[in-house]
Amino acid sequence: MSPSRVLRNLVLSTAAALLPSTLAWSETPQVDVPYVFETVDSYAITEANVIEIRGVLQGESAPRTFEFEFYSNPAYYDASQHGSRCDRMALLAMTRPGRYLLELKVQRWIGGQPSCRLTRRTAQPTP
């Protein structure tokens, strides 16, 4: 086998081995666990009551993708209003990377509704 063919096969096999780790698989968030994003890379409404958010979680270096589902009960709660508030927070976090932390958490006590919180990052002290 020629050296160029060996090199090509090595590159292809390495790429195939790394492929699953580079795909963006959506994770389902755990209940009552806050997910704090340092950066938000993408924010999509995948269904009427589902948002998909991709970004880097605080303390991590690789981006992850999560799907947060809003449950709607017209008698008590309109999920579209709550979701639109999260939309605005995510947009602000995207346009000002590093300035804000976006926290999403599925709360058991309010029927599995995600809560959204946007916090301005405090300035890091210079050594």
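Structure shown above.
Here we summarise the structure given alongside this text. (Residues numbered from 1 in each chain as written. Predicted model: local features only at pLDDT ≥ 70, side-chain atom pairs only at ≥ 80, totals over all residues. Heavy atoms only, no water.)

This part takes up the pairing of strand β5 (residues 100-107). Most of β5 is tucked away: seven of the eight residues are buried. Judged from the three bridges that link them, strand β2 (residues 35-47) and β5 form a sheet pairing that is antiparallel. When the sheet's bridge partners are listed, Tyr 35 is paired in β5 with Leu 104. (Buried < 20%, exposed > 50% of the residue type's maximum accessible area, 1.4 Å probe, protein only. Helix = DSSP H or I, 4+ residues; strand = E, 2+ residues; numbered from the N terminus. Pairing = 2+ DSSP bridges.)

Oppositely charged side chains are able to pair whenever their charged atoms sit close together. The tally for this structure, following the rule as stated, stands at two salt bridges. Put simply, Arg 64 and Glu 60 hold a salt bridge, and the shortest N to O gap is 2.8 Å. The class of Arg 64 is partly exposed, set by a relative accessible area of 24%. (Salt bridge = Lys/Arg side-chain N within 4 Å of Asp/Glu carboxyl O.)

Time to look at the pairing of β2. Examined bridge by bridge, β2 and strand β3 (residues 50-57) share eight bridges and lie antiparallel to one another. Residue pairing for β3: Ile 45 is matched across the bridge by Ile 51. Between the end of β2 and the start of β3, which pair antiparallel, lie two residues.

On to the state of the cysteines. Here, disulfide denotes a covalent bond that connects the sulfur atoms of two cysteines. All told, the structure shown has one disulfide when counted by the stated rule. For Cys 86, the disulfide goes to Cys 116, at an S-S distance of 1.5 Å. Because the sign of the S-S torsion sets the handedness, a value of about 85 degrees for the bond joining Cys 86 and Cys 116 places this disulfide among the right-handed ones. With Cys 86 in helix α2 (residues 79-95) and Cys 116 in strand β6 (residues 113-120), the pair connects residues that are 30 residues apart, well separated along the chain. Here the two residues Cys 86 and Cys 116 agree in accessibility, since each one is buried. (Disulfide = S-S within 2.5 Å.)

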